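Each chain is listed here by its residues.
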Amino acid sequence: MRAPVSLVLGAALTGVFALAALVSLVWTPADVTALAVGERLKPPGTGALLGTDQLGRDMASMLMAGARTSIAVALVAVGIGMGAGVPLGLWAAARRGGLVDEVLMRANDLIFAFPALVIAILITAVFGPSAVNAILAIGIFNIPVFARVTRGAALTVWSAEFILAARCAGKGATRISVEHILPNIANLLVVQGTIQFSLGILAEAGLSYVGLGAQPPTPSWGRMLAEAQTFFYSSPHLAVLPGLAIVLTVLGLNMMGDGLRDLLDPRLQRAVR
Amino acid sequence: MHDGSPDAKGLARAAAFARLAAMARYLALRFLSLALSLAVASVVIFAVIQGVPGDPAAFMLGLNAAPDTVAALRSELGLEGGLAQRYIAWVGGMATGDFGISYTYRVPVADLVADRLAVSLPLAAYALLLSTALALPAGMLAAARRGGPVDWGIIAATQLGIAVPNFWFAMLLVVLFAITWPVFSAGGFPGWEAGLFAGLKALTLPAVALALPQAAILARVMRSALIETLHADYIRTARAKGLSEAAAIRRHAFRNALIPVLTILGLQFSFLLAGAIIIENVFFLPGLGRLIFQGITARDLIVVQSVTMLLVFAVILVTFLVDLAYAAVDPRLRKRG
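Caption draft 1: Expanded view of the confidence of the model for chain B. Residues and elements named next belong to chain B. Summing up the model confidence of chain B, the mean pLDDT is 82 and the portion of residues at 70 or higher is 92%. Put simply, helix α2 (residues 56-61) is where chain B has its lowest mean pLDDT, 70, and helix α6 (residues 149-163) is where it has its highest, 91. Quick note on the complex model: pTM equals 0.83, ipTM equals 0.85.

Okay, here's the thing in structure tokens:
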């Protein structure tokens with residue numbers, strides 16, 4: 001049985017980082033803004049559990065606070081994508097074949113044609129690098145993804161007989177969409193949500209690596225990697241640890257997504273891309 | 001139909017004509033959507049760049065600029081006209097190969113782009129080649145051994161490949177293959193004048209870093225597309241007539257699985273161009289991505305605006321060409337418009 005194993009492993013991995021992020025809100029082993037240059041570049045295990053960075057900050061604390069930044073940015077970006085994409089997808093499906101459907105889907109194709117990263121870099125560069133602009137830049141490209149998945153799944157549900165029954169009962173398109181379509185495609189949206197979540201974490205890491213994400217002193221995994229680049233050879237833990245944190249979080253989310261997909265509805269497997 | 005009577009001939013001619021008309025209609029629709037995409041893309045890029053809060057000239061010169069310097073730059077950039085007038089001038093210029101003059105380099109942007117393309121295009125092609133060469137055999141092997149330990153291993157490897165940020169992978173590659181074992185260069189580009197070998201040596205690590213996540217995605221698509229076609233009736237027929245599993249895959253399943261694989265390859269080209277922004281920065285490669293980034297840090301808006309448009313144009317064009325290629329390969333897809 002592959003599904004439960006990947007779900008359990010994935011949820012455990014994701015859970016560890018989510019917990020670290022939550023705990024960092026109230027407690028970290030050391031203050032992440034406290035600089036101690038005398039204690040700089042300590043390898044893991046010597047005093048500090050995971051060592052210290054080039055400014056003497058505790059790596060374990062930095063990683064915990066970095067988890068908070070990554071997860072918050074990716075989560076809100078998924079929220080934007082779902083909040084705007086799902087209603088648009090439902091609307092397009094309700095007006096299937098009509099002008100609204102056509103215009104919405106063409107607009108979708110258009111956003112897909114944009115190299116997302118270039119535009120994200122453009123947005124953050126013009127409007128100033130910050131976590132909020134990173135969220136917006138990532139979130140905008142989540143909208144067409146959710147719109148497309150929602151529309152595709154909703155179209156299948158619209159042809160079901162219980163929808164016909166609901167129409168006979170006099171329910172309008174909006175009420176049917178909310179009361180009958182949405183609950184039936186929620187599985188799929190949760191699965192897509194975990195996928196976009198993991199992509200969001202990678203995108204946030206990339207943006208903050210080039211200096212366009214969260215700004216100092218807010219710790220973020222991507223910027224930790226950028227700052228570690230010059231110390232990589234002498235103090236490998238500076239670059240290895242944040243990288244591993246990104247890989248494990250994304251891996252956990254992807255495994256969770258795969259597991260959820262298999263568990264929730266095997267029939268829908270092919271609808272998810 | 002084939003009895004040669006005049007009626008049948010007429011019918012066949014009419015059918016051929018209808019096919020031609022359908023093809024022409026498909027082409028016209030695709031062209032229209034290509035033109036529309038480009039138009040909207042240019043408006044969006046123009047709006048984002050020119051929509052800089054405040055005055056673009058003041059933005060470019062920074063906070064401490066003297067008012068007359070700003071005014072001089074305004075007239076140099078042609079910022080005096082209205083938004084619509086400037087937009088038309090920009091688009092018209094780009095259509096004739098005039099991308100504007102870089103503010104920081106003081107040379108035409110078109111010249112800068114030509115230099116940088118000599119790095120970016122070979123890099124993207126190299127990465128695409130590596131990714132395809134790695135992913136297609138891996139995906140086919142996994143599909144042929146589906147459910148077994150080899151399949152499981154390949155799936156695990158692709159999961160990892162998707163989760164690894166390529167710039168971090170690039171850093172690891174530099175430490176391993178440029179510092180610990182100095183086989184390849186850690187960064188920079190000697191230029192093609194230094195010879196093909198030196199150029200490839202500089203591009204190998206960036207290409208590997210770019211290719212890895214793409215190969216992981218491609219291998220998964222190849223595997224699932226192949227498994228899907230292996231369930232088809234014609235594969236059962238192929239096996240029934242005595243073909244081995246390997247021959248059935250090679251001769252029949254592989255070709256039919258290629259359509260989803262081509263889709264992903266088309267999409268990946270866009271990623272290889274855009275994703276190179278970060279990788280080019282890791283390796284200090286003088287490519288298009290780095291040009292955009294340098295333009296952003298130097299507040300050279302003309303460079304950023306024109307190079308971004310060029311990248312988007314390339315991506316939209318490739319998507320369009322891939323669409324046409326499908327229609328040529330698989331007539332069923334033409335109906336979707």
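Caption draft 2: Quick look at unusual backbone geometry. Residue P217 of chain A is bonded to the preceding P216 of chain A through a cis peptide linkage, with omega at 5 degrees. Note on placement: P217 of chain A falls in the loop between α7 (173-209) and α8 (221-228). Despite not being glycine, R106 of chain B has its phi angle at roughly 60 degrees, a positive value. With respect to the helices and strands, R106 of chain B occurs in the loop between α4 (83-95) and α5 (109-144).

Caption draft 3: Quick peek at the packing of α6 of chain B against helix α8 (residues 196-230) of chain B. Residues and elements named next belong to chain B. One can describe the packing of α6 onto α8 by two numbers: an axis separation of 8 Å at closest approach and a directional angle of 140 degrees. By the angle class used here, α6 and α8 are oblique. Considering only the axes of α6 and α8, their crossing is left-handed. Here D151, I155, T158, Q159, G161 and I162 of α6 lie close against α8, whose contacting residues are L212, P213, A216, I217, A219, R220 and R223.

Caption draft 4: Fine view of the pattern of salt bridges. All names here are of chain A. Counted under the stated rule, the structure contains 7 salt bridges over all chains. A salt bridge links R223 to E227; its shortest N-O distance comes to 3.4 Å. Placement of both R223 and E227 in helix α8 is noted, with a separation of 4 residues, approximately one turn of the helix. Among the residues examined, R223 registers a relative accessible area of 12% and is labelled buried. On the basis of relative accessibility, which here comes to 30%, the residue E227 falls in the partly exposed class. Each member of the salt-bridge network shares a partner with another, and the members are K171, R175 and E179.

Caption draft 5: Structural detail: the side chain of Q268 of chain B. Looking at the element boundaries, Q268 of chain B is found in helix α10 (residues 245-282). When neighbours within four sequence positions are excluded, Q268 of chain B is seen to be in contact with S131, Q214, I217 and L218 of chain B.

Caption draft 6: Broad picture of a nonpolar patch on the surface. All names here are of chain A. On the surface, L19, L22, V23, L25, V26 and W27 cluster together into a nonpolar patch covering about 660 Å² of accessible area. As for its position among the elements, L22 is in helix α1 (residues 2-26). Under the relative-accessibility criterion, L22 is labelled exposed at 55%.

Caption draft 7: Broad picture of the packing of aromatic side chains. All names here are of chain A. Tallied over the entire structure, the rule returns 8 aromatic pairs over all chains. Centre to centre, the rings of F17 and W221 are 5.9 Å apart; their planes meet at 80 degrees, and the pair counts as edge-to-face. Of the two residues, F17 sits in helix α1 while W221 sits in helix α8, which places them 204 residues apart along the sequence. What makes F17 buried here is its relative accessible area of 14%.

Caption draft 8: Focus on the interface of chain A and chain B. Facing the 35 residues of chain A at the interface are 40 residues of chain B. Of the roughly 3500 Å² buried at the junction of chain A and chain B (both faces included), carbon and sulfur atoms supply 82%. Of all residues in chain A, L122, V126 and F232 of chain A bury the most surface against chain B, accounting for 15% of the area lost on that side. Here chain A and chain B share 1 salt bridge between them. In this assembly, chain A and chain B are joined by 3 residue pairs in polar contact (both at pLDDT 80 or more). Breaking the side of chain A that touches chain B down by element, the ones donating at least two residues are α3 (99-113), α4 (116-126), α7 and α9 (237-264) of chain A. Considering each element in turn, the side of chain A that touches chain B owes the most residues, 11 residues, to α9 of chain A. Counted by class, the side of chain A that touches chain B contains 28 nonpolar, 4 polar and 3 charged residues.

The rules behind each value
- Residues numbered from 1 in each chain as written.
- Chains lettered and ligands numbered in written order.
- Predicted model: local features only at pLDDT ≥ 70, side-chain atom pairs only at ≥ 80, totals over all residues.
- Heavy atoms only, no water.
- pLDDT = per-residue confidence, 0-100.
- Helix = DSSP H or I, 4+ residues; strand = E, 2+ residues; numbered from the N terminus.
- Axes fitted to C-alpha atoms, helices over the stretch in contact; angles between N-to-C directions.
- Parallel < 35°, antiparallel > 145°, perpendicular 65-115°, else oblique.
- Left-handed = near helix turned anticlockwise from the far one by under 90°.
- Contact = heavy atoms within 4.5 Å.
- Salt bridge = Lys/Arg side-chain N within 4 Å of Asp/Glu carboxyl O.
- Buried < 20%, exposed > 50% of the residue type's maximum accessible area, 1.4 Å probe, protein only.
- Patch = residues over 30% accessible without salt bridge, like charges linked within 9 Å, V, L, I, M, F, W, Y side chains within 5 Å.
- Areas by Shrake-Rupley, 256 points an atom, 1.4 Å probe, with all protein chains shown as cover.
- Phe/Tyr/Trp six-rings, centres within 6.5 Å; stacked < 30°, edge-to-face > 60°.
- Buried area = accessible area lost by both parts, 1.4 Å probe.
- Polar contact = N/O pair within 3.5 Å; in protein donor to acceptor, adjacent residues only side chain to side chain.
- Nonpolar A, V, L, I, M, F, W, Y, C, P; charged D, E, K, R; others polar.

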